[in-house]
Amino acid sequence: MLAKSPLKIVLCSPRGFCAGVVRAIDTVERALALYGAPVYVRHEIVHNKYVVDSLRAKGAIFVEELEEIPDTKAPVVFSAHGVPKSVPEHAMSRNFFSIDATCPLVTKVHREAAIHFKRGREILLIGHSHHPEVVGTLGQLPAGAVTLIETAADAEAYQPKDPNNLAFVTQTTLSIDDTAGIVTVLRERFPNISGPHKEDICYATTNRQAAVKKVAPVVDAMIVVGAPNSSNSQRLREVAEREGCKVAVLVQRASDLDWSQFEGIKVLGLTAGASAPEVIVEEIMGAFAERFDLSVETVSAAEENEFFPVPRVLRPDAAE
């Protein structure tokens, strides 16, 4: 039997579930426990197939739009990414029992945008078009009230009605470096632009990118556990590439691994997006353990102890 080649795995910390994702998953599980199946969920509760499939097996039914839901007394949960105002209005018109699992940090961005609108400012949203979070934020205000800025070139080209009456907010799951570049352009062009009092990019996105920045320069390859439609996971892969990691791949499960990409490597970095469960990190480490003689080190960029309680209607004291 051939001896296995040695491989050092450097685990990024923090990685995986953030408080907003834990809250969203707990919301669906608590609703199933309290009310039984089915529980309808508009859009994937979080962007992770493993999580969605496990909740589906417990009785959750995922739909893209409320029109797909029959008349029902069952709970209808809105995903962690947030929804346009038209969605809860539609739910109310159909007398649905709706439960909002929007991440509180996304709700914070919604409130900021609403305040700027009340103050009569033109609002710019830095983010990626068609991402559910961006769709939800744009949908908080009347059509045309918010302009989407995706790149520094968009920021350079934007022509406001009044350059002294502007504000910006951002999607919570963006690349810190890319966003900083866009914000720099906006502040240079419009010195009086109003920004968030506290960074809109959430703590989990910031911390996971910081850990990847530490690890990527010292590994031969980096694996990011996450879904292709997960913005924060895609940004982690991009950060690894930007920091000089020659092989940076996004995978959902161990079965997705292309082993030819890891031939001859000595050090592997491993992290997970904020909607990816630790069980898949362990699954991937197990797959490498079958082929390599592993040693493991953890590199930490921050401590996390944030906690967001589930929506009030699902808490034990709700009936009091």
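Before going into details, it helps to say that this report is about the structure given with it. (Residues numbered from 1 in each chain as written. Predicted model: local features only at pLDDT ≥ 70, side-chain atom pairs only at ≥ 80, totals over all residues. Heavy atoms only, no water.)

### Details of the packing of helix H1 (residues 19-35) against helix H2 (residues 49-58)
A packed helix pair is summarised by two numbers, namely the angle formed by the two axes and the spacing between the axes. For the pair H1 and H2, interaxial distance at closest approach is 11 Å and the crossing angle is 10°. As far as their axial angle goes, H2 and H1 are roughly parallel. Packed against H1, whose contacting residues are Ile25, Val28, Glu29 and Leu32, the element H2 presents Val51, Leu55 and Lys58 at the interface. The class makeup of the residues in the contact of H1 with H2 is 5 nonpolar, no polar and 2 charged. (Axes fitted to C-alpha atoms, helices over the stretch in contact; angles between N-to-C directions. Helix = DSSP H or I, 4+ residues; strand = E, 2+ residues; numbered from the N terminus. Parallel < 35°, antiparallel > 145°, perpendicular 65-115°, else oblique. Contact = heavy atoms within 4.5 Å. Nonpolar A, V, L, I, M, F, W, Y, C, P; charged D, E, K, R; others polar.)

### Focus: the packing of aromatic side chains
What the rule picks out here adds up to 5 aromatic pairs. Ring geometry for phenylalanine 262 against phenylalanine 288: centres 5.3 Å apart, planes inclined by 80°, an arrangement best described as edge-to-face. Taken together, the positions of phenylalanine 262 in the loop between strand S10 (247-251) and strand S11 (267-272) and phenylalanine 288 in helix H10 (residues 278-289) put the pair 26 residues apart, joining distant regions of the chain. If you follow arginine 291 out to its NZ or CZ, it ends over the ring of tryptophan 259, 3.8 Å from the centre. (Phe/Tyr/Trp six-rings, centres within 6.5 Å; stacked < 30°, edge-to-face > 60°. Lys NZ or Arg CZ within 6 Å of the ring centre and 35° of its normal.)

### Some remarks on the sheet that holds strand S5 (residues 97-100)
The strand order across the open sheet formed by 4 strands is S3-S2-S4-S5, and the pairing between neighbours is parallel. The sheet is open, and its two borders are formed by strand S3 (60-63) and S5, each paired with just one other strand. Between one strand axis and the next, the sheet turns by 25° as a mean value, whatever way the strands run. By the bridge criterion, 4 bridges tie strand S4 (residues 75-78) to S5 in an arrangement that is parallel. Among the inter-strand pairings, proline 75 is bridged to a residue of S5, identified as phenylalanine 97. (Pairing = 2+ DSSP bridges.)

### Re the sheet that holds strand S8 (residues 166-170)
Sheet architecture is open: 3 strands sit in the order S7-S6-S8, paired in parallel fashion. Only two strands of the sheet have a single partner each, and these edge strands are strand S7 (146-149) and S8. Neighbour to neighbour, the strand axes of the sheet diverge by 30° on average, direction disregarded. The sheet contacts of helix H4 (residues 104-118) involve strand S6 (122-126) and S8, and relative to S8 the element is tilted by about 170°. Contacts from helix H7 (residues 176-189) reach S6, S7 and S8 within the one sheet, and its direction differs from that of S6 by about 155°.

### Digging into the pairing of S7
In this structure, S6 lies alongside S7, joined through 4 bridges in parallel fashion. Counterpart to leucine 124 in the pairing with S7 is threonine 147. With respect to chirality, the unit in which S6 leads through helix H5 (residues 132-138) into the neighbouring parallel S7 is right-handed. (Right-handed = clockwise from strand over helix to strand, strands pointing away.)

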